[in-house]
Amino acid sequence: MLKLTSQLPGVVYQYQQWPDGRAAFPYASDNIKKIYGVSAEDVKHDATFLFSKMHPDDLQGLAQSIEQSANNLSVWQHQYRFFSNDSHPVWLSGSATPERMPDGSTLWHGYIEDVTATKQHYFELERLNKEYRLSQQRLDIASETAQMGFWQASLKTGELWWSPVIYQIFGLEDSVVPSVALFKSTLHPDDRQLVANSEQKALETGLHDVVHRIIRPDGSIRWVHELAKMLPAEQNPQQIMVGSVQDVTERIELQQLKDQFISTVSHELRTPLTAIKGALSLLNSNKLGQVPDAMHRLLDIASSNSERLAQLINDLLDMEKLIAGKMPFDIQPLAVVAELQQAVDNLQPFAMQHHVDLVIEAVGASMVLADALRLQQVLTNLLSNAIKFSPAGSDVKLIAQQQGENVQIVVTDKGAGIAPEFQHRVFERFAQADGSNQRQKGGTGLGLAICKELVQQMQGSISFSSKPCVETRFVVSLPIAGIALSADSKGENA
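The notes below deal with the structure included here.

What counts, and where the lines are drawn
The numbering scheme is per chain: residues are counted from 1 as the chain's sequence reads. For a predicted model such as this one, the threshold for reporting local features is a pLDDT of at least 70, and the threshold for listing and counting side-chain atom pairs is 80 or more; totals across whole chains, interfaces and linings nevertheless cover every residue. The basis for every side-chain value is the complete set of non-hydrogen atoms in the structure, without hydrogens or water. A run of H or I in DSSP counts as a helix once it spans at least four residues, and a run of E counts as a strand once it spans at least two, with each numbered from the N terminus. Residue exposure (1.4 Å probe, protein chains only): buried if accessible area is under 20% of the type maximum, exposed if over 50%, otherwise partly exposed. The contact definition used throughout considers only heavy atoms, calling two residues in contact when any of these lie within 4.5 Å. Only the protein chains shown count as cover for residues, with accessible areas throughout obtained via the Shrake-Rupley method and a probe of 1.4 Å. Two strands form a pair only when DSSP identifies at least two bridges running between them. Geometry is summarised by axes, namely lines fitted to C-alpha atoms with helices restricted to the contacting stretch, and by angles between N-to-C directions that run from 0 to 180 degrees. Salt bridges are identified by distance alone: a Lys or Arg side-chain nitrogen within 4 Å of an Asp or Glu carboxyl oxygen. One fewer than the residue count of a helix, multiplied by 1.5 Å, yields its expected span. Bend, in this description, refers to the angle at a residue between axes fitted to the seven residues ending there and the seven starting there. In this scheme Phe, Tyr and Trp rings, the latter by its six-membered ring, pair at centre separations within 6.5 Å, and the angle between planes marks the pair as stacked below 30 degrees, edge-to-face above 60, and tilted otherwise. Whether a charge sits over a ring depends on NZ of Lys or CZ of Arg being within 6 Å of the ring centre and within 35 degrees of the ring normal. In these notes, a set of buried Ala, Val, Leu, Ile, Met, Phe, Trp, Tyr and Cys residues joined through side-chain atoms within 4.5 Å is what counts as a nonpolar core. When describing relative orientation, an angle under 35 degrees is termed roughly parallel and one over 145 degrees roughly antiparallel, while 65 to 115 degrees is termed roughly perpendicular and anything else oblique. Whether a crossing is left-handed or right-handed is set by the direction in which the near helix is turned from the far one by less than a right angle, anticlockwise for left-handed and clockwise for right-handed. Polar here means any residue outside two lists: the nonpolar Ala, Val, Leu, Ile, Met, Phe, Trp, Tyr, Cys and Pro, and the charged Asp, Glu, Lys and Arg; Gly therefore counts as polar.

Overview of the overall build of the protein chain
Within the protein chain, the regular secondary structure consists of 12 helices and 18 strands. Evaluated residue by residue, the protein chain yields a buried proportion of 38% over its 494 residues. Considering only contacts within the protein chain whose residues lie at least 6 apart along the sequence, 57% involve residues at least 24 apart. Per element, the accessible surface of the protein chain, about 28,500 Å² overall, is 54% carbon and sulfur.

Right under this line is the structure:
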């Protein structure tokens, strides 16, 4: 028996308490030294002094639990703190079965063990649960305020989970059981293919990012933005996608109003501006007579600014057509090198003005599927930007290379680059790193936004990377057409 009790982490004991309050441990295994810091002999006849080492916050509860067990002869179970070494308390957990003795005392047969480590884990779990509940409350408040809900869907099984806000966005009762089939039934007919394409793309890239319309049960139409990620197929056999959905109806409607206003203003400005440009051109031609030098300078300024205004109007109208899907595209196979050469030839005078050399590098260049006019518009914008921001005497490179089923056209320069804090806005409309009225480089802030729309309309993509004062790269990726040309590297100084 002694060998058995010595193997236990706690103490096996008999605890006896008399009606006058005296207490003792008639028997205790050697481990009582680990629990209470005393020997079995120290407490064999009197253990009352041990109560002075109990944590004061736990003393009353411990005494009441012992009294209740004695009165009812019920099993005693309790957890309490004890100062065994007069420093940090340890948590003890005890249980015992009582029996009434002939002299009126009560004798318990039980076991006490140190559960400090378990308690600490429990308290840490409680703390984490409290933080989790607080975070969940904050997330719910933020979610409801932003009208953004969260969801998880399995494209394979059709199972779907929604957070509460999504029911509000879709105008459904929270008793409705969500499913992928239910979600698809809410899609606006004109946007179903758009969503399907985005889901298919997510299987390849892991990203689902789409803005589309839904139809609520009451017939109202809302715009929502879905953003989700999917793990690679080998790690995600159920094709589970986790994401968010936000009601962006007000934002879309405001953008549409703004676009309509800009379109109206642009069209209304074009006619008088054409007349102003014509008048200025006639005055500058001296066909109406020689103008004084002072007036000539003012006419040059007016002519330059009217050209800038005309460019802005043209960009605005291009953006309007792109957004409305009204810009025509004639997609056909194009020889990449020929397109690059044409762009360089068109920009050569501008490059000479800034003392910049244009260099073409075609590595395994191939035929590309694109609209010739729109591709030149993209290349012209990227090259002119690179030239404007390049130091005199440097090169701007126009590189074509085949990457899988795409052709990558890369424009690189060694200029000041794009500031890190501005990089997330590069493709936004009217975004300019220098927003002052005294911009040295000019521009409307629409060029790169138009480039992105044009490239996407041609089933391509555009991206960039920039290390200030080292290198800035804009990469246009378009579908390949036909058979790749010679893979020999070929450089041409333009």
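Picking up after the structure, the text goes on.
Description of the environment of Ala335
If you trace the backbone, Ala335 turns up in strand β11 (residues 331-335). Through-space distance from the C-alpha of Ala335 to that of Ser366 is 6.7 Å; in sequence the pair is 31 residues apart.

A word on the sheet that holds strand β5 (residues 106-114)
Spatially, five strands are ordered β2-β1-β5-β4-β3 in an open sheet, and the strand pairing comes out antiparallel. Both edges of this open sheet fall to β2 (23-28) and β3 (76-82), since each of them pairs with a single strand only. Between one strand and the next, the sheet's axes are offset by a mean angle of 30°, whatever the strand orientation. Here strand β1 (residues 11-17) pairs with β2 via four bridges, running antiparallel. Of the residues in β2, the one forming a bridge with Gln16 is Ala24.

A closer look at the pattern of salt bridges
One side chain can pair with another of opposite charge once the charged atoms of both are near each other. Counted according to the given criterion, the structure contains nine salt bridges. Residue Lys397 pairs with Glu361 through a salt bridge whose shortest N-O separation is 3.6 Å. Taken as a pair, Lys397 in strand β14 (residues 395-403) and Glu361 in strand β12 (residues 357-363) lie far apart in primary sequence, 36 residues in all. You can call Lys397 partly exposed: its relative accessible area is 31%. Salt bridges sharing common partners tie together Glu124, Arg127 and Glu131.

A closer look at the pairing of β14
Relative to β14, β12 is paired through seven bridges, and the arrangement is parallel. If you follow Asp357 over to β14, its bridge partner there is Asp395. Here β14 runs beside strand β15 (residues 406-413); their pairing, made up of seven bridges, is antiparallel. When the bridges of β15 are listed, Gln402 appears paired with Val407. Connecting the antiparallel pair β14 and β15 is a turn made up of two residues, with Gly404 showing a positive phi of about 65°.

Quick notes on helix α10 (residues 336-353)
With 18 residues, α10 extends 26 Å from end C-alpha to end C-alpha; this agrees with the ideal 26 Å at 1.5 Å per step. At Leu347, α10 shows its largest kink, close to 50°, and the proline Pro349 lies no more than four residues downstream. Taken residue by residue, α10 has Val336, Glu339, Leu340, Ala343, Val344, Leu347, Gln348 and Ala351 as its buried positions. Those residues of α10 that are buried lie in contact with β11, β12, β13 (367-371), α11 (372-388), β14 and β15.

Here we look at the side chain of Gln376
Secondary-structure assignment places Gln376 in helix α11. Dropping the residues within four chain positions of it, Gln376 is found in contact with Glu339, Gln342, Ala343 and Asn346.

Focus: the packing of aromatic side chains
A full pass over the atoms with the stated rule returns 13 aromatic pairs. Chaining the aromatic ring pairs together yields one cluster made of Tyr13, Tyr15, Phe25, Tyr36, Phe82 and Trp108. We note Lys119 situated over the ring of Trp91; from NZ or CZ to the ring centre the distance is 4.5 Å.

Notes on the nonpolar core
If you look at the biggest cluster of nonpolar residues, it comprises 45 residues, and the most contacted ones within it are Leu340, Leu382, Val396, Leu398, Ile409, Val476 and Leu478. Top contributing element to this core by residue count: α11, with seven residues. Setting aside its immediate chain neighbours within four residues, Leu398 contacts Leu340, Val344, Val359, Ile360, Glu361, Leu379, Leu383, Ile409, Val410 and Val411. One finds Val11, Tyr15, Val38 and Val43 within the second-largest nonpolar core, a separate group that totals 25 residues.

Digging into the packing of α10 against α11
The interhelical angle for the contact between α10 and α11, taken along N-to-C directions, is 40°, at an axis separation of 9 Å. Taken together, the axis directions place α10 and α11 in an arrangement best described as oblique. Relative to α11, the crossing made by α10 is right-handed. The residues of α11 that touch α10, namely those facing Glu339, Leu340, Gln342, Ala343, Val344, Asn346, Leu347, Phe350 and Ala351, are Ala372, Leu375, Gln376, Leu379, Thr380, Leu383, Ser384, Ile387 and Lys388. For the contact of α10 with α11, the residue count by class is 11 nonpolar, five polar and two charged.

Function-wise, these values are silent; they only describe arrangement.
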